[in-house]
Amino acid sequence: MSHKLLSYWHRWGIFLILLLPIMVLFVVNPVFRQPGNLFNLWQQASIIGVLAVGQTLVLILGGFDLSVGTVAALAGVICYLVFAGGDGGSVVLLGVLAALAACAIVGAINGILITKFNITPLIATLGMLSLVRGFVLIVTEGQLVYAEGPGYTFAEFLQGSLFGMPVAGLLFALLAVAVALLLRRSIFGQYVFAIGGNEKAALLAGLPVVKVKILSYALCSVLAGVGGLLLSSRTASALPNAGVNYELQAITAAVIGGAALGGGKGSIFGTVLGVLLLTAIGNGLNLYNVSPFWQTGVTGLILLLAVGFSTWGNRDARSIVR
Amino acid sequence: MLTMRGISKSFSGVQVLDRVDFEVTPCEVHALLGANGAGKSTLIKVLGGLYPDAEGQTLLDERRIDLSTPKTALLSGIGIVHQEFDLVPEMTVAENIYLGFENLHLADGRPLWQRISRRKLIEAAGALLNEYKLGIEPDAVVRKLPAGAQQLTQIARVIALGSRVMIFDEPTARLGLRDRERLFDVFATLRASGKLIVFVTHYLDEVMAVADRASVMRDGRMMVTTQTSATTVGELSRTMVGSDVHGPAKRKQPTLGATALSVKGLSGPTFEDVSFDIAGGEIVGIVGHLGSGRHEVTRSIIGQIPARGYISAHGDAGRTRIGFVPENRRAEGIFAELPVGTNIAIGFLRERSILSLLPLRAMETTGADVVGRLQIKTAGTEQKIGQLSGGNQQKAVFGREMVSNPSLYVIEAPTVGVDVKAAVELHNEIFKLAERGSAILLATDDLDEVMLMADRILVMLRGRIVKELDTRRTTRQDLVSAMGAG
Ligand SMILES: Nc1ncnc2c1ncn2[C@@H]1O[C@H](COP(=O)(O)OP(=O)(O)OP(=O)(O)O)[C@@H](O)[C@H]1O
Ligand SMILES: [Mg+2]
């Protein structure tokens, strides 16, 4: 059926188009296809990747989370403050748990603001973005927090490799698979799709809408926290200014991957593809010494291409409901 | 037995339900009747746990039930197909049927982390749809289904819930002839198994055919409950509206003007080589079962669905406006958050404004005029249209097209969800539009309506116009057989 083919094209065609320059790069540029570069690429992708996975969850829910970038910074700062405050192996566990717990709380507050106080996700998480950034700046007094001893070893581990693969990349893959399974195979995931698809129907069906929303925002924040830990492990230190604009990159990747801002649609697989493509193209531009200024522009172009591509001439995408 | 006693509900001071008593017994199909805005849907929403602030009490089998949230209502044994759609469009039929009870039984405390088995859902839904012969595929995505199939999905959901009380708010409004028969078979089966069935409709012949008892509401009050065998259609409608209902004025012999719409060799996704003309002042009906291409032809004339071929509409000033009344008013006809007055006036803002300023006076007078003429039940032209009852929204959408004066109207199912009296009103208005010289294409599933209104009827089957009937020389039976098995 040509109609079916067309709808596949609308859904996946953009990946083919974006894959094209990457394949060309792979063929013509020996540096690009070096295992070392691919290793780097995977590692680089994992920070935004983890954030984008969480973002996908709330996008499907029909929401939005602008606070993930600063939440990433919060996770780093809390973790490294704990690292700096003690020594012994247990400090690592303590730091990570404290950081992720803080993120979970921030996410749950996002969820509560949205569900109980009826603040739109955009505003709620925009407020949270500044609030958390302010908090981080205050507790660090704007200074970088760094780790020695076990904390430093932990950072090294996160940046290291396991069986020839980057630890950060493996963590990203693991989390992506876990969230994908959660979304596709669990009742929770089913409810996320249902709420994003038609919230009124979800309410009438007696679904625990508030609970699912709060849990989703909490999970999104925790994933952002993991991203923050990966980010800070690069330098074994936490910067209060880390993660600025990461939320936009995460949203970009998820949208390229097919998540709809109206909710009800999206997939982790698509998002992961989106992240990998964006990172690969950035990496390619680096290899040719294209300035980072251009890279930002290219990211925007890709976003517009991706969305325009899947909606242009696609009647399904416009809401001609019957 | 379901007993509602002294149910009252008001919205910001407007009393919508006034001490309503309502009783349904087991093994009964109970019709809930009333004019548009009488309070039927509101009463049903109280039962559905949507208005916890309503006064009064509700008992099921002598026990009080908790109607504070939709969930508690569901768990108390109340299953509802609401008047407006409540499906998740991106999900499959099976997923929608079992939404909220994915482990197939409606027990409380489902763990969110539990695995969901789509295969099991599809199997269960498939069995159910087969058993009740509903004729939809369990793995179809709801968004892609026509309105009728979506309605059947909602009905299947209530059957799957297995609720003791099953309530259907205007289920037949979106169903074609055959699906109505299917639904009534479902009612019979459910009644035999001891369920309490309530259904709302504006088609009184349906009431006489399938209901055991009927309750009639008017202006938020319960007027009467009777055995259907002890009453008549005339008496029921008299109780509904408070006065006799007279049939529409006879269609005057039309004076035809120049051709207003000419369609030649139109082909599109589901139809082929469709050709017809409509003259000014003429009413042409177009009918066809689901899948006959009727819907798509209509929508390609208004420019929504692309098609090949030739369409010309001749307007007065070289430009043609088409007055379009969509069948799906909620999604395509109203601006739910805007006032009734604005919804009515929005079609003529450009014509009447000076220096691009809003013609506030004209908006107000026209809004009030339409509300009066069509007897739209509203707190005022300032009320948000989304708060009106379903039938009153429909009337307002019609009213909007009525006030601007295009030479061609495309009208889909104008009286779906509209009460008996208002239906007569709308039919008269359509006659008037034709007498003013407008050409009218009337697409409807209601065969009585098309027989009454149209001068000619185009019958579609498998994407083609297979017959053109002159209404004066046609019986309803001719029409049914021309439409084929579909
Ligand atoms: N949310 C609301 N806010 C204000 N008024 C409302 C609201 N919902 C319903 N109403 C009013 O309550 C009255 C009864 O509405 P209801 O929907 O129960 O009528 P109905 O009998 O179902 O009519 P229909 O046959 O048109 O569906 C209407 O006049 C309507 O305007
Ligand atoms: Mg109603």
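Residues numbered from 1 in each chain as written. Chains lettered and ligands numbered in written order. Predicted model: local features only at pLDDT ≥ 70, side-chain atom pairs only at ≥ 80, totals over all residues. Heavy atoms only, no water.

### Describing the interface of chain B and chain A
So the rule is basically this: Every residue pair with non-hydrogen atoms within 4.5 Å of one another is taken to be in contact. Buried area is calculated as the accessible area (1.4 Å probe) missing from two parts once they are joined, with the contributions of both summed. Here, a salt bridge means any side-chain nitrogen of Lys or Arg that lies within 4 Å of a carboxyl oxygen of Asp or Glu. Each polar contact in these results corresponds to two N or O atoms within 3.5 Å; when the atoms are within protein, one needs to be able to donate a hydrogen and the other to accept it, and residues that are neighboring in sequence are counted only if both atoms are side-chain atoms. A run of DSSP states H or I qualifies as a helix once it reaches four residues; a run of E qualifies as a strand once it reaches two. Both are numbered from the N-terminal end. All amino acids are sorted into three groups, where Ala, Val, Leu, Ile, Met, Phe, Trp, Tyr, Cys and Pro are nonpolar, Asp, Glu, Lys and Arg are charged, and the leftover types, Gly among them, are polar.
Between chain B and chain A, the residue contacts involve 40 residues of the former and 30 residues of the latter. Between chain B and chain A, the buried area comes to about 3,000 Å², and carbon and sulfur atoms account for 59% of it. Taken as a group, Leu112(B), Trp113(B) and Arg118(B) account for 20% of the area that chain B buries against chain A, more than any other trio of residues on that side. In this assembly, chain B and chain A are joined by zero salt bridges. One can count eight residue pairs in polar contact (both at pLDDT 80 or more) joining chain B with chain A. Of all the secondary structure elements, the ones that give two or more residues to the side of chain B that touches chain A are helix H2 (70-75), helix H5 (147-161) and helix H10 (329-333) of chain B. Taken together, the residues of the side of chain B that touches chain A break down into 19 nonpolar, seven polar and 14 charged.

### Structural notes on the nonpolar core
Applied cut-off: In this description, a nonpolar core means a group of buried Ala, Val, Leu, Ile, Met, Phe, Trp, Tyr and Cys residues linked to one another through side-chain atoms lying within 4.5 Å. Using a 1.4 Å probe on the protein chains alone, a residue whose accessible area is under 20% of its type maximum counts as buried, one over 50% counts as exposed, and one in between counts as partly exposed.
Counting 142 residues, the largest nonpolar core has Leu33(B), Ile97(B), Phe168(B) and Phe199(B) as the members making the most contacts within it. No other element matches helix H3 (residues 35-60) of chain A, which puts eleven residues into this core. Listed in part, the 45 residues of the second largest apolar core include Met363(B), Phe431(B), Val450(B) and Val459(B).

### Some words on the coordination of the magnesium ion (ligand 2)
All names here are of chain B. Put simply, the rule is: Here the coordinating atoms are restricted to nitrogen, oxygen and sulfur within 2.8 Å of the metal centre, or 3.2 Å for Na, K and Ca, and because water is not among them the sites may look incomplete.
Donor atoms from the polypeptide that bind the magnesium ion (ligand 2) are Ser41 (OG) and Gln83 (OE1), placed at 2.0 to 2.1 Å. Taken as a pair, Ser41 in helix H1 (residues 40-47) and Gln83 in the loop between strand S6 (78-81) and helix H3 (93-97) lie far apart in primary sequence, 42 residues in all. When its relative accessible area of 17% is taken as the criterion, Ser41 is described as buried.

### Overview of the side chain of Ser8(B)
All names here are of chain B. With respect to the helices, strands and loops of the structure, Ser8 is situated in strand S1 (residues 2-11). Only 2.9 Å separates the side chain of Ser8 from the backbone nitrogen of Arg19, close enough to count as a polar contact. Apart from the residues within four sequence positions on either side, Ser8 is in contact with Gln15, Leu17, Asp18, Arg19, Ala54 and Glu55.

### Let's talk about the sheet that holds strand S4 (residues 55-60) of chain B
Residue and element names in this part refer to chain B. Stated precisely, the cut-off is as follows: Two strands form a pair only when DSSP identifies at least two bridges running between them. Note on definitions: angles span 0 to 180 degrees between N-to-C directions of axes, and those axes are lines fitted to C-alpha atoms, for helices only across the stretch in contact.
If you walk across this open sheet you meet the four strands as S2-S1-S4-S5, and the pairing is antiparallel. In the strand order of this sheet, the two ends are held by strand S2 (14-24) and strand S5 (63-64), each with one partner. Most of the contacts of H1 go to S1, to which it runs at about 115°, and overall it touches S1, S2 and S4.

### Some words on H3(A)
Residues and elements named next belong to chain A. Going by this rule: For a helix, the expected span equals 1.5 Å multiplied by the number of residues minus one. Two axes enter the definition of the bend at a residue: one is fitted to the seven residues ending there, the other to the seven starting there, and the bend is the angle between them.
If you check H3, its first and last C-alpha atoms are 35 Å apart, about what 26 residues at 1.5 Å a residue would give, namely 38 Å. The largest bend along H3 reaches roughly 40° and is located at Ser46. For H3, the buried fraction is high: 20 of the 26 residues fall into the buried class. Note on H3: the residue one or two positions beyond its end, Gly62, has a positive phi of about 90°.

### A few points about empty space enclosed by the protein
Note the threshold: Cavity: a set of points on a 1 Å grid over the protein atoms alone where a 1.4 Å probe fits but cannot get out. Pocket: an open set with protein on both sides within 12 Å along at least five of seven lines, its lining residues, like those of a cavity, having an atom within 4 Å of a point. Grid points are joined across faces, edges and corners, and a volume is the space filled by probe spheres set on the points.
One pass over the full model with this rule turns up three cavities of 30 Å³ or more. Taken as a whole, the largest cavity spans an internal volume of roughly 230 Å³. For the largest cavity, the lining is made up of 20 residues, of which Leu204(A), Ala205(A), Ile80(B), Asp86(B) and Arg157(B) are closest to its centre. Secondary structure elements with two or more residues in the lining of the largest cavity: helix H10 (199-204) of chain A together with H2, S6 and H5 of chain B. Residue classes in the lining of the largest cavity are distributed as 13 nonpolar, five polar and two charged.

### Regarding the packing of aromatic side chains
What characterises a pair of aromatic rings is the spacing of the ring centres plus the angle enclosed by the ring planes. Applicable threshold: Each pair of aromatic rings taken from Phe, Tyr and Trp, with Trp reduced to its six-membered ring, is defined by centres within 6.5 Å and is described as stacked if the planes are under 30 degrees apart, edge-to-face if over 60, and tilted in the remaining cases. By definition here, charges over rings are those cases where NZ of Lys or CZ of Arg is within 6 Å of the ring centre and within 35 degrees of the ring normal.
Enumeration according to the criterion identifies ten aromatic pairs over all chains in this entry. Look at Phe26(A) and Phe32(A): their rings are 6.4 Å apart centre to centre, the planes differ by 85°, and that puts the pair in the edge-to-face class. By relative accessible area, which is 2% here, Phe32(A) ends up buried. The interplanar angle of 80° and the centroid separation of 5.3 Å between the aromatic rings of Phe11(B) and Tyr51(B) together place this pair among those described as edge-to-face. One end of the pair, Phe11(B), is in strand S1; the other, Tyr51(B), is in the loop between H1 and S4, with 40 residues separating them in the sequence. Phe11(B) sits in the partly exposed class, given a relative accessible area of 32%. Under the relative-accessibility criterion, Tyr51(B) is labelled buried at 18%. Through successive ring pairs, a cluster of aromatic residues spans Phe168(B), Phe184(B), Phe187(B) and Phe199(B). Positioned above the aromatic ring of Phe193(A) is the side chain of Arg184(A), whose terminal nitrogen or guanidinium carbon lies 4.6 Å from the ring centre.

### Notes on the domain arrangement of chain B
Residues and elements named next belong to chain B. Selection criterion: The split of the chain into domains comes from an automatic or database domain assignment.
When its domains are assigned, chain B resolves into domain 1 (2-241) and domain 2 (259-482). Relative to domain 2, the C-alpha centre of domain 1 lies at a distance of 29 Å. Between domain 1 and domain 2, the contact holds 18 residues from the first and 21 residues from the second. Buried surface at the junction of domain 1 and domain 2, both sides included, amounts to about 1,700 Å², of which 56% is carbon and sulfur.

### Overview of the pattern of salt bridges
Residues and elements named next belong to chain B. Inspection of the entire model under this criterion finds 30 salt bridges over all chains. For Glu90, the salt bridge identified is with Arg143, shortest N-O distance 3.0 Å. A residue pair is termed long-range when its members are at least 10 positions apart, and Glu90 in the loop between S6 and H3 and Arg143 in the loop between helix H4 (118-131) and H5 qualify at 53 residues. Relative accessible area serves as the criterion here: at 27%, Arg143 is assigned to the partly exposed category. One salt bridge connects Arg191 with Asp212, and the closest N-O pair in it is separated by 2.7 Å. Here Arg191 is found in helix H6 (residues 177-192), whereas its partner Asp212 is found in the loop between helix H7 (204-210) and strand S9 (213-218), with 21 residues between them in sequence. In this structure Arg191 comes out as partly exposed when scored by relative accessible area, which is 26%. According to the relative accessible area criterion, Asp212 is partly exposed, its value standing at 24%. Overlapping salt bridges bring together Asp369, Arg373, Glu429 and Lys432 as one network.

### Section: the site of ligand 1
Residues and elements named next belong to chain B. Rules: Near is defined per residue: the residue qualifies when any heavy atom it owns lies within 4 Å of the molecule or strand. Note on areas: these come from Shrake-Rupley sampling with a 1.4 Å probe, and a residue is covered only by the protein chains present in the view. Each molecule is assigned to a cavity or pocket provided more than half of its atoms lie within 2 Å of the corresponding grid points.
Lining the immediate environment of ligand 1, one finds 19 residues, of which Lys40, Ser41, Thr42, Ser389 and Gly391 sit closest. Gly39 is positioned with one of its backbone polar atoms (N or O) 2.9 Å from an oxygen atom of ligand 1. Between ligand 1 and Gly391, the relevant distance is 2.7 Å, taken from an oxygen atom to a main-chain nitrogen or oxygen of the residue. Taking 640 Å² as the accessible area of ligand 1 by itself, protein coverage stands at 88%. At a threshold of 2 Å from the grid points, most atoms of ligand 1 map onto the second largest pocket. Broken down by secondary-structure element, the contributors of at least two residues to the shell around ligand 1 are H1 and helix H14 (390-403).

### Looking at the layout of surface pockets
Estimates place the volume of the second largest pocket at around 1,100 Å³. Counting residues per element, the ones that place at least two in the lining of the second largest pocket are H10 of chain A together with S2, H1 and H14 of chain B. Of the residues contributing to the lining of the second largest pocket, the split by class is eleven nonpolar, 20 polar and eight charged. Counting residues domain by domain, the lining of the second largest pocket receives three or more from each of domain 1 (2-241) and domain 2 (259-482) of chain B.

### A closer look at the sheet that holds strand S7 (residues 165-169) of chain B
Residues and elements named next belong to chain B. The mixed open sheet is built from six strands, whose spatial order is S6-S7-S8-S3-S9-S10. Both outer strands of the open sheet, S6 and strand S10 (221-227), are each paired with one neighbouring strand and no more. Each neighbouring strand pair of the sheet contributes to a mean axis angle of 20°, computed without reference to strand direction. This element, H5, spans S6 and S7 of the sheet and lies at about 175° to S6.

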